[in-house]
Amino acid sequence: MRDRADLVIVGGGVVGLSLACQLARMGFCDVVVLEQGYLCFGASGRNGGGIRQQWTTEENILLMKESVRLFRRMAAETNYNIWFRQGGYLFLARDGKTASTLEANMKLQNRLGVPTRMVSPERARGIVPGLDTRGVEVCAYNPTDGVLFPFPALWGMAKVATQLGVEINTYTRVTDIQTRGKQIVKVVTDRGAIATSRVVNAAGAWSWQIARMLGVELPNKPYRHEILVCEPLKPFLDPMVSDLSDGTYFSQTMRGEICGGISDPEEKSSMETRSSFRFLHRMCRSMLRLLPRLADVKVMRQWAGYYDETPDGNPILGPVEQVDGFIQLNGFGGHGFMLAPAIGRQAAEWLLRKVDHPMFEKYDLGRFARGEVEREIFVIG
Ligand SMILES: Cc1cc2nc3c(=O)[nH]c(=O)nc-3n(C[C@H](O)[C@H](O)[C@H](O)COP(=O)(O)OP(=O)(O)OC[C@H]3O[C@@H](n4cnc5c(N)ncnc54)[C@H](O)[C@@H]3O)c2cc1C
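Here the structure is a predicted model, which is why all the values come from computation and not from measurement.

Rules of the game
Residues numbered from 1 in each chain as written. Predicted model: local features only at pLDDT ≥ 70, side-chain atom pairs only at ≥ 80, totals over all residues. Heavy atoms only, no water. Near = heavy atom within 4 Å. Polar contact = N/O pair within 3.5 Å; in protein donor to acceptor, adjacent residues only side chain to side chain. Helix = DSSP H or I, 4+ residues; strand = E, 2+ residues; numbered from the N terminus. Nonpolar A, V, L, I, M, F, W, Y, C, P; charged D, E, K, R; others polar. Axes fitted to C-alpha atoms, helices over the stretch in contact; angles between N-to-C directions. Parallel < 35°, antiparallel > 145°, perpendicular 65-115°, else oblique. Left-handed = near helix turned anticlockwise from the far one by under 90°. Contact = heavy atoms within 4.5 Å. Salt bridge = Lys/Arg side-chain N within 4 Å of Asp/Glu carboxyl O. Buried < 20%, exposed > 50% of the residue type's maximum accessible area, 1.4 Å probe, protein only. Disulfide = S-S within 2.5 Å. Pairing = 2+ DSSP bridges. Domains from an automatic or database assignment. Buried area = accessible area lost by both parts, 1.4 Å probe. Phe/Tyr/Trp six-rings, centres within 6.5 Å; stacked < 30°, edge-to-face > 60°. Lys NZ or Arg CZ within 6 Å of the ring centre and 35° of its normal. Core = buried A, V, L, I, M, F, W, Y, C linked by side-chain atoms within 4.5 Å.

**A look at the site of the ligand**
Logical step 1: Residues in contact with the ligand amount to 38 residues; listed here are only the nearest, E35, S44, G50, G336 and M338.
Logical step 2: A distance of 3.2 Å separates a nitrogen atom of the ligand from a polar backbone atom of G334.
Logical step 3: For the shell around the ligand, the elements supplying multiple residues, two or more each, are α1 (14-25), β13 (221-230), β17 (299-309) and α8 (336-352).
Logical step 4: Counted by class, the shell around the ligand contains 17 nonpolar, 18 polar and three charged residues.

Here you go:
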């Protein structure tokens, strides 16, 4: 392992690797990534692979347009098939308030070039054969959203970064970060120390622990989020289907499996990743309500990962006041995978070329103390 680097990235998840890859592409390769486990150990190896541009704020819609553009090129650029399939996202609204939110979102998305349209329950049944739309008022459908297989996306980014000179150390846990005054001087790991003056905190649900090593308190909290996968079926389901009344979402992977999860308002913050019968029961009930034809399909596996949640549902990005060179890229909740390509690129531009991306001010840690908080209301996988 190198004993010094211009920049150390803590966390070999999609956010850390996307940044490493973009920095390397811009010619900045004196970078070390430190990952306590294997590359897909965190949320990046446990998610549903949903990639959507249907968001409620201009920032997120534009970021996701950029991410989709980057995901479309990723297989060719990395030589890893990431199985990105743009079959759309279909959001179901069962009440007037949700319906008008979807309608307002659609107008904003259309203005920014995302071709979302409102569809009647009858039209939705044409998009998803067998969909039970009883109780559904209206749906929002964007055919250019999609799903991918997260593992090869990470492996591809890691390969590109490594080939360009970045050092990625797996099974290397950061145990301390040492400072002199406000300056970072050293990152200590269980495999030795690295002298550096800049550290990026891309440790996902563990980010608060990394920040605490420097006396910085992040408001992020980890929440277990469970997910399951059913046996493979002949392809029949184009879009990711998401019922906004209970936060159910599911899609069909390129291998034919149905993969999805559901929000649980009773889940308390914890570092728990065991699977629960409660999830299995709630998820199966909800899937069967929406697609009764799945009744005989077998669940193959269920697992869990963390959502790294902030109080306003938006990430924490950029520097902190207390320590020079300590940069946050965390707090991505249930949507960090899709945002990572665009965030990684903008963060690299901001770090190297001093390109002024407004999100590094808007989403800095200081916003909570200043009370400048605007909640992203559309947080779902
Ligand atoms: C079940 C589930 C479904 C989801 N579905 C979607 C979806 O459909 N679409 C979407 O966009 N997002 C989804 N998400 C969210 C998405 O997976 C995350 O937002 C994203 O992966 C976060 O990436 P990250 O790099 O910030 O964190 P992580 O992938 O968690 O990476 C952080 C890494 O830091 C490492 N680390 C922590 N502490 C240390 C230390 N001390 N030393 C060294 N390394 C350390 C961890 O081991 C970890 O690998 C889902 C999440 C879950 C759990």
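Read on, since the account is not over.
**Comments concerning the packing of helix α2 (residues 58-78) against helix α5 (residues 150-163)**
Logical step 1: Relative to each other, α2 and α5 sit at 55°, their axes nearing to 10 Å. With respect to their mutual orientation, α2 and α5 come out oblique. For the element pair α2 and α5, the recorded crossing hand is left-handed. The segment α2 lies against α5, with M74, E77 and T78 engaging A153, G156, M157, K159 and V160.
Logical step 2: Along the lines of polarity and charge, the residues of the contact of α2 with α5 split into four nonpolar, two polar and two charged.

**What to know about the pattern of salt bridges**
Logical step 1: One pass over the full model with this rule turns up 25 salt bridges.
Logical step 2: In this structure, K362 and E59 form a salt bridge, with 2.6 Å as the shortest nitrogen-oxygen distance. With K362 in helix α9 (residues 359-362) and E59 in helix α2, the pair connects residues that are 303 residues apart, well separated along the chain.
Logical step 3: Given a relative accessible area of 29%, K362 falls into the partly exposed group.
Logical step 4: Exposure remark for E59: the relative accessible area of 27% places this residue in the partly exposed category.
Logical step 5: Each member of the salt-bridge network shares a partner with another, and the members are E66, R69, R345 and E349.

**What to know about the state of the cysteines**
Logical step 1: On inspection of all chains with the given rule, the structure shows zero disulfides.
Logical step 2: Counting only cysteine sulfurs, C259 is the nearest neighbor of C40, a cysteine outside any disulfide, at a range of 14 Å.
Logical step 3: With a relative accessible area of 3%, C40 lands in the buried category.

**Comments concerning the sheet that holds strand β10 (residues 183-189)**
Logical step 1: Overall, antiparallel pairing links the three strands, which are arranged β9-β10-β11 in an open sheet. For this open sheet the edge positions go to β9 (174-180) and β11 (192-195), each flanked by a neighbour on one side alone. Across the sheet, the axes of successive neighbouring strands diverge by a mean angle of 25°, strand direction being ignored.
Logical step 2: Pairing of β10 with β11 involves four bridges; the strand directions are antiparallel. Bridged to V188 within β11 is A193.

**As for the domain arrangement of the protein chain**
Logical step 1: Taken domain by domain, the protein chain consists of domain 1 (7-46 + 151-220 + 312-370) and domain 2 (84-144 + 221-309).
Logical step 2: If you look at the interface, domain 1 gives 16 residues, while domain 2 gives 13 residues.
Logical step 3: Here domain 1 and domain 2 share an interface that buries about 1100 Å² over both sides, 58% of which is from carbon and sulfur atoms.
Logical step 4: Contact with domain 2 buries surface across domain 1, with R46, A205 and N220 losing the most and accounting together for 48% of the total.
Logical step 5: Here domain 1 is connected to domain 2 by zero salt bridges.
Logical step 6: It is helix α6 (residues 207-212) that provides the largest number of residues to the side of domain 1 that touches domain 2, a total of three residues.

**Observations regarding the packing of aromatic side chains**
Given two aromatic rings, one states the distance between the centres and the angle between the planes to describe the pair.
Logical step 1: Counting across every chain of the model gives 11 aromatic pairs.
Logical step 2: Between Y89 and F91, the aromatic rings sit 5.6 Å apart at their centres with planes inclined by 45°, giving tilted as the arrangement. Neither Y89 nor F91 differs from the other in exposure class; each is buried.
Logical step 3: Here the aromatic residues Y80, W83, F149, F151 and W155 are joined through ring pairs into a cluster of three or more.
Logical step 4: Here R52 stacks its cationic end above the ring of W55, 3.9 Å away from the centre of that ring.
Logical step 5: Positioned above the aromatic ring of F149, the side-chain terminus of R255 is 4.8 Å from the ring centre.

**Thoughts on the nonpolar core**
Logical step 1: In terms of nonpolar packing, the biggest core is built from 73 residues, with I9, L19, I51 and L329 touching the most fellow members.
Logical step 2: With 10 residues, the top contributor of residues to this core is α8.
Logical step 3: Looking at which domains feed residues into this core, each of domain 1 (7-46 + 151-220 + 312-370) and domain 2 (84-144 + 221-309) gives three or more.
Logical step 4: Not counting residues within four places of it along the chain, the set of residues in contact with L329 comprises V15, L19, V200, N201, A202, I316, L317, I343, A347 and F360.

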